Amino acid sequence: MELSGEQIQVDSLKGAQILVNSLKREGVEYIFGVNGGAAMPIFDALYDETEIKLIPMRHEQGASHAADGYARATGKVGVALATSGPGATNLVTGIATAYMDSIPMVAITGQVFTHFIGSDAFQECDVIGVTRPICKHSYLIKDCEEVADVVAEAFHIASTGKPGPVIIDIAKDAQNNEALFQYPETVDIRSYKPQVHGDPAQIAKAAALIKEAKRPMLYAGGGVVLANASEELRELTYKTQIPITVTLMGLGAFPETDPLAMEMPGMHGSCCANYAFTDADLIVAIGARFDDRVTGDLSKFAPNAKKIHIDIDASCIGKNVPVDVPIVGDAKNVLTELNKQVSTADIDPWRNQIQEWKRKYPFEYEQKVDKVMPQYVIEQIYEHYSDAIVIADVGQHQMWAAQYFKFTEPRQWLNSGGLGTMGFSLPAAIGAQLGCPDKTVVNINGDGSYIMTIQELVPAVTMKLPLKIFIINNMYLGMVRQWQELFHGKRYSAVDYHDNPDFALLAQAFGATGLRVEHTEDVVPALLKAKGITDGPVVIDFIVDEEENVFPMVPAGKGLGDVIRGLA
Amino acid sequence: MNSEKRHIFSVLVENRFGVLARVAGLFSGRGFNIDSLNVAETHDKSISQITLVTHGDAQIIEQIYHHLNRLIDVIEVTDLSTAGTHVERELVLIKVATDDPQKRTEILQVAEVFRGRVIDMKPASLVLEITGDEGKLKAAINIFNTYGILELARTGKIAMLRGSEK
């Protein structure tokens, strides 16, 4: 009897250690976290850990964005870790960001002791309740026996079907109590069986519609990137020679340098793509969700087009736009089948029309005297960093980056498209750089968004990450200012950021390299200089024209045909 | 535009904490309507049955169906209004005032018409239990209103497909 007692002692582990062992079984390389009371046993278990590297961030929002950036760049599940209460609520913006863009993430939060739950204990918060509408699923662990099974399920759910964030909230006693560690070999959830294979009859219908169409277009979104279906998308495009537009979330899934590429559609998209939507007789949507920023006024959207919609999420089909041929399935599987049934489309007049629009209405801007034009800075970033992973924040600079940088590979362009989270990019860049150590990572930021998570420069400096942080600084909350100029009679309420600190000096205070560029002729030399700095982050503060606007623009509530080109 | 219709969804879910909140949250978060909601354990203790009455046009109903299916803890969703013929029942408890003893006999006679059962009787009130479909309960409530309803509680609808249609 004594012997078996010893045996149990040897084999049983603390819940926190079971958690860490489970994460190792899932192949986790990095955990982005901020320590705190209710998560201390987990951080303690990570203290001696060699397989998993713990990355201490400076704010939990940074931790969730870094996990998200890691996931976007690598396709693997990102992991964020925080304590209960405020630690957990600080993760929320990052969780919602990942949810809106369907990014696989597991967010682990410490919770107060089981016997305190519901008593308004110190740093207690109903995290499951708070995150319910912004996660794919969530678990509250009160018993350390559940830890391994929950982790296995959480990773399975986060990474399959339509990916998304999963929350694991684990009570402190469940972290401290001991149990045997047994990791499940397989996961089978009876209520969760994503439909990954498209209905063959529907795919045949789609192929028939594609064959008949005279003015067809492909419309691909972030789902293609998530499904790693970029190759299949290219095959479909090349085989049919049908013009293609790729959304903000999908940029790079098809090379923008290709003649068939119409570039991004929507509010600040290319006139070509928007005119094509308006005139097309067939739209093949692949992993795109007819977002309002893409369609504009729905009553005027693609009035003449039949719609084929391929999506892993049945609830996305028919949500905004009626669809003629719905196909529920994984983009990679469905396209593989579809590609077997298509051939070159006989649509020369339509292709010529597209080429004419492309020629007539490229993205363009006016070079103002004595101003550094933001679009010029992006063009030069593209010129000198065309192979880089580019992570933009949210605002005017994001749109200029999407317009003027020509993306050619999936996962080359990362941004918060759905939630539009300012402050996303710097921490996400940290995650992306760790996930892709051999790549150059360029963070194109705005002066408003940069300062929202600027504290994450600290871990970037500590880890000597060679991030290229390029700030398109117009001293305003630029996109809001643009709307105020156009729709609020230039009443610039709460957008004047002239009181921001000197970002170059501030970078130096953080221990990074900081440069300031105020003249057009200094743009390229600064970019070249940044290239040579590989022992840590470099921040270049590009002081650009303050009141430059993003065009083309389809004003909110207008149809895509009502696009303002800006220069005419 | 499609016209709005009433639909009854039968939703089988994992019998776990928080599932009802996920279902209810989905409706409030996406602006769908809940007309009535009933939830209880089934003969299999690991599964609960939610009967949910809602209304909307065809597009909304389809969205509700898909969004319910998207919840990880949802095992099966059936739209009883389209899946075949079904039976539905609801139970109501009505406390009727009987201050006037003369009226009591009359109330009991009316209750008889609705096959109601008296489950409590006090000098000034009695409690009736009536089961039926929506039309019957509505008619009963209308009549008892004329005698003075003191309190009323309903279970919300439960329903299932007939015979072997499942």
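Here we take up the overall build of chain A. For chain A, the count of helices and strands is 23 helices and 19 strands. In summary, chain A has a C-alpha radius of gyration of 25 Å against a globular reference of 24 Å for 568 residues, a match within 12%. With respect to the three principal axes, the spread of C-alpha positions in chain A is 85 × 60 × 40 Å. Counting across all 568 residues of chain A, residues that qualify as buried make up 59%. Considering only contacts in chain A between residues 6 or more positions apart, those separated by 24 or more positions represent 76%. Carbon and sulfur atoms form 51% of the exposed surface of chain A, whose accessible area is close to 21,800 Å². Taking the average place of the 47 positive charges on the side chains of chain A and the average place of its 71 negative ones, the gap between the two points comes to 7 Å.

Let us now look at the side chain of Thr453 of chain A. Tracing the backbone through its elements, the reader meets Thr453 of chain A in the loop between helix H19 (447-450) and helix H20 (457-462). Contacts of Thr453 of chain A, omitting those with residues within four sequence positions, involve Gln61, Gly423, Leu426 and Pro427 of chain A.

All names here are of chain A. Formed by 61 residues in total, the largest nonpolar core has its most connected members in Leu233, Ile283, Ile286, Ile308 and Leu338. Sort the elements by how many residues they give to this core and helix H12 (residues 271-279) lands first, with 6 residues. For Ile308, the contacting residues outside a window of four places in its chain are Ala206, Leu209, Ile210, Leu282, Ile283, Val284, Ala285, Val323, Val325 and Ile327. Counting residues in hydrophobic clusters, the runner-up holds 51 residues, among them Ala80, Ala107, Ile167 and Ile389.

All names here are of chain A. The strand order E3-E2-E4-E5-E7-E6 describes an open sheet built from 6 strands, whose pairing is parallel. Among the strands making up the open sheet, the edge pair consists of strand E3 (53-56) and strand E6 (137-141). Across the sheet, the mean angle from the axis of one strand to that of its neighbour is 20 degrees, orientation sign disregarded. Sheet topology note: the E6/strand E7 (residues 165-171) ladder contains 5 bridges and is parallel. Bridged to Tyr139 within E7 is Ile168.

So, about the pairing of strand E4 (residues 78-82) of chain A. Residue and element names in this part refer to chain A. Of all 5 residues in E4, 5 are buried, a share of seventy percent or more. Residue alternation in E4 divides its side chains into two sets, Gly78, Ala80 and Ala82 and Val79 and Leu81, and both sets are buried. Note: strand E2 (residues 30-33) against E4, 2 bridges, orientation parallel. Along E4, the bridge assignment pairs Phe32 with Ala80. Here 5 bridges tie E4 to strand E5 (residues 105-111), and the two strands are oriented parallel to one another. Paired with Ala80 across the two strands is Ala107, which belongs to E5. Taken together, E4, helix H5 (residues 86-100) and E5 constitute a β-α-β crossover, and its handedness is right-handed.

Quick look at the domain arrangement of chain B now. Residue and element names in this part refer to chain B. What the domain assignment lists for chain B is domain 1 (5-84) and domain 2 (88-161). In this assembly, 12 residues from domain 1 lie in contact with 9 residues from domain 2. Each partner contributes to the roughly 730 Å² buried at the junction of domain 1 and domain 2, and carbon and sulfur atoms together form 58% of this total. Three residues, Arg6, Asn38 and Leu80, lead the burial of domain 1 against domain 2; their summed loss comes to 48% of the area buried on that side. Applying the counting rule to domain 1 against domain 2 returns 2 salt bridges. With its nearest N and O atoms 2.6 Å apart, the salt bridge here joins Arg6 to Glu134. Here domain 1 is connected to domain 2 by 4 residue pairs in polar contact (both at pLDDT 80 or more). Taken together, the elements giving at least two residues each to the side of domain 1 that touches domain 2 come down to strand E1 (5-14), strand E2 (36-41), strand E3 (47-56) and helix H3 (80-83). Tallied by class, the residues present in the side of domain 1 that touches domain 2 amount to 5 nonpolar, 6 polar and 1 charged.

By way of backbone hydrogen bonds, the strands of a sheet pair with one another, either parallel or antiparallel. All names here are of chain A. The strand order across the open sheet built from 5 strands is E10-E9-E11-E12-E13, with neighbouring strands paired in parallel fashion. Whereas interior strands pair on both sides, the edge strands pair on one side only; in this sheet they are strand E10 (244-246) and strand E13 (325-328). Neighbour-to-neighbour, the strand axes of the sheet open up by a mean angle of 15 degrees, direction not taken into account. Sheet topology note: the strand E9 (residues 216-220)/E10 ladder contains 3 bridges and is parallel. Paired with Leu218 across the strands is Ile244, a residue of E10. Lying on the sheet, helix H11 (residues 230-240) is in contact with E9, E10 and strand E11 (282-286); it crosses E9 at an angle near 170 degrees. Sheet strands in contact with helix H14 (residues 331-339) are E11, strand E12 (306-311) and E13, and its direction is about 130 degrees off that of E12.

The rules behind the values
Residues numbered from 1 in each chain as written. Chains lettered and ligands numbered in written order. Predicted model: local features only at pLDDT ≥ 70, side-chain atom pairs only at ≥ 80, totals over all residues. Heavy atoms only, no water. Helix = DSSP H or I, 4+ residues; strand = E, 2+ residues; numbered from the N terminus. Rg over C-alpha atoms; globule rule 2.2 N^0.38 Å. Buried < 20%, exposed > 50% of the residue type's maximum accessible area, 1.4 Å probe, protein only. Contact = heavy atoms within 4.5 Å. Areas by Shrake-Rupley, 256 points an atom, 1.4 Å probe, with all protein chains shown as cover. Lys, Arg positive; Asp, Glu negative; His and termini not counted. Charge placed at Lys NZ, Arg CZ, Asp CG, Glu CD. Core = buried A, V, L, I, M, F, W, Y, C linked by side-chain atoms within 4.5 Å. Pairing = 2+ DSSP bridges. Axes fitted to C-alpha atoms, helices over the stretch in contact; angles between N-to-C directions. Right-handed = clockwise from strand over helix to strand, strands pointing away. Domains from an automatic or database assignment. Buried area = accessible area lost by both parts, 1.4 Å probe. Salt bridge = Lys/Arg side-chain N within 4 Å of Asp/Glu carboxyl O. Polar contact = N/O pair within 3.5 Å; in protein donor to acceptor, adjacent residues only side chain to side chain. Nonpolar A, V, L, I, M, F, W, Y, C, P; charged D, E, K, R; others polar.

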